[in-house]
Amino acid sequence: QVQLVESGGGLVQAGGSLRLSCAASGRTFSNYAMGWFRQAPGKEREFVGTVTWSGNRTYYTDSVKGRFTISRDNTKNTVYLQMNSLKPEDTAVYYCAAADYRTVVTLPDRYHYWGQGTQVTVSS
């Protein structure tokens, strides 16, 4: 089992920045690819980005490329989502997830463990 706890969400004005953190406990964190997803009201959960177990490769959905950056610190069992140039359409609950794969993982059904989510609200 892997337990994931997100933090860092909040209210920010358009153009601002937030950094989300996801702290993991349980099984060996460095064995897992980590992903970030988001879900806006009335919409399906959406892939945001992912990082491989080693941190040497990332992949993002087109709408956040150049604005969001995922990183991880395996010594701290934590993955981060740095979000810059935020837009109102980024408003959602953001979830981190862990997948027992050694590659990038974009499909939500490939993820084995999920956090409870943290709310991000971007005002215009």
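Residues numbered from 1 in each chain as written. Predicted model: local features only at pLDDT ≥ 70, side-chain atom pairs only at ≥ 80, totals over all residues. Heavy atoms only, no water.

## Section: the overall build of the protein chain
Along the backbone of the protein chain there are zero helices and eleven strands. For the protein chain, the sequential pattern of α-helices and β-strands runs β-β-β-β-β-β-β-β-β-β-β. Along the first, second and third principal axes, the C-alpha atoms of the protein chain reach 40 × 25 × 25 Å. By the burial criterion, 43% of the 124 residues in the protein chain qualify as buried. Taking all contacts inside the protein chain whose residues are at least 6 apart in sequence as the whole, residues at least 24 apart take part in 58%. Considering the protein chain, the positive charge centre built from 13 side chains and the negative charge centre built from 9 side chains are found 5 Å apart. (Helix = DSSP H or I, 4+ residues; strand = E, 2+ residues; numbered from the N terminus. Buried < 20%, exposed > 50% of the residue type's maximum accessible area, 1.4 Å probe, protein only. Contact = heavy atoms within 4.5 Å. Lys, Arg positive; Asp, Glu negative; His and termini not counted. Charge placed at Lys NZ, Arg CZ, Asp CG, Glu CD.)

## Things to note about the pattern of salt bridges
Going through the model one piece at a time under the given rule, you end up with four salt bridges. Put simply, Arg67 and Asp90 hold a salt bridge, and the shortest N to O gap is 2.8 Å. Residue Arg67 is found in the loop between β6 (58-60) and β7 (68-73), and its partner Asp90 is found in the loop between β8 (78-83) and β9 (92-99); the two are separated by 23 residues along the sequence. Asp90 shares its class with Arg67; the two are buried. (Salt bridge = Lys/Arg side-chain N within 4 Å of Asp/Glu carboxyl O.)

## Details of the state of the cysteines
Applying the stated criterion to the full structure yields one disulfide. Covalently, Cys22 is tied to Cys96 through a disulfide, its sulfur atoms 1.9 Å apart. As the torsion about the S-S bond is roughly 50 degrees, the Cys22-Cys96 disulfide counts as right-handed. A residue pair is termed long-range when its members are at least 10 positions apart, and Cys22 in strand β3 (residues 18-26) and Cys96 in strand β9 qualify at 74 residues. According to the relative accessible area criterion, Cys22 is buried, its value standing at 0%. (Disulfide = S-S within 2.5 Å.)

## Section: the nonpolar core
Ranked by size, the top nonpolar core spans 29 residues in total, and within it Leu4, Met34, Trp36, Leu81, Met83 and Tyr94 carry the most contacts. Contributions of two or more residues to this core are made by β1 (2-7), β3, β4 (33-39), β5 (46-51), β7, β8, β9 and β11 (118-123). In this structure, Ala33, Phe37, Ala97 and Val105 belong to the second largest nonpolar core, which totals seven residues. (Core = buried A, V, L, I, M, F, W, Y, C linked by side-chain atoms within 4.5 Å.)

## A few points about the sheet that holds β8
Strand order across the open sheet formed by four strands is β1-β3-β8-β7, with antiparallel pairing between neighbours. A single partner strand is all that each edge strand has here, and the edge strands are β1 and β7. Neighbour-to-neighbour, the strand axes of this sheet turn through a mean angle of 15 degrees, independent of strand direction. Sheet topology places β1 next to β3; six bridges connect them, and they run antiparallel. (Pairing = 2+ DSSP bridges. Axes fitted to C-alpha atoms, helices over the stretch in contact; angles between N-to-C directions.)

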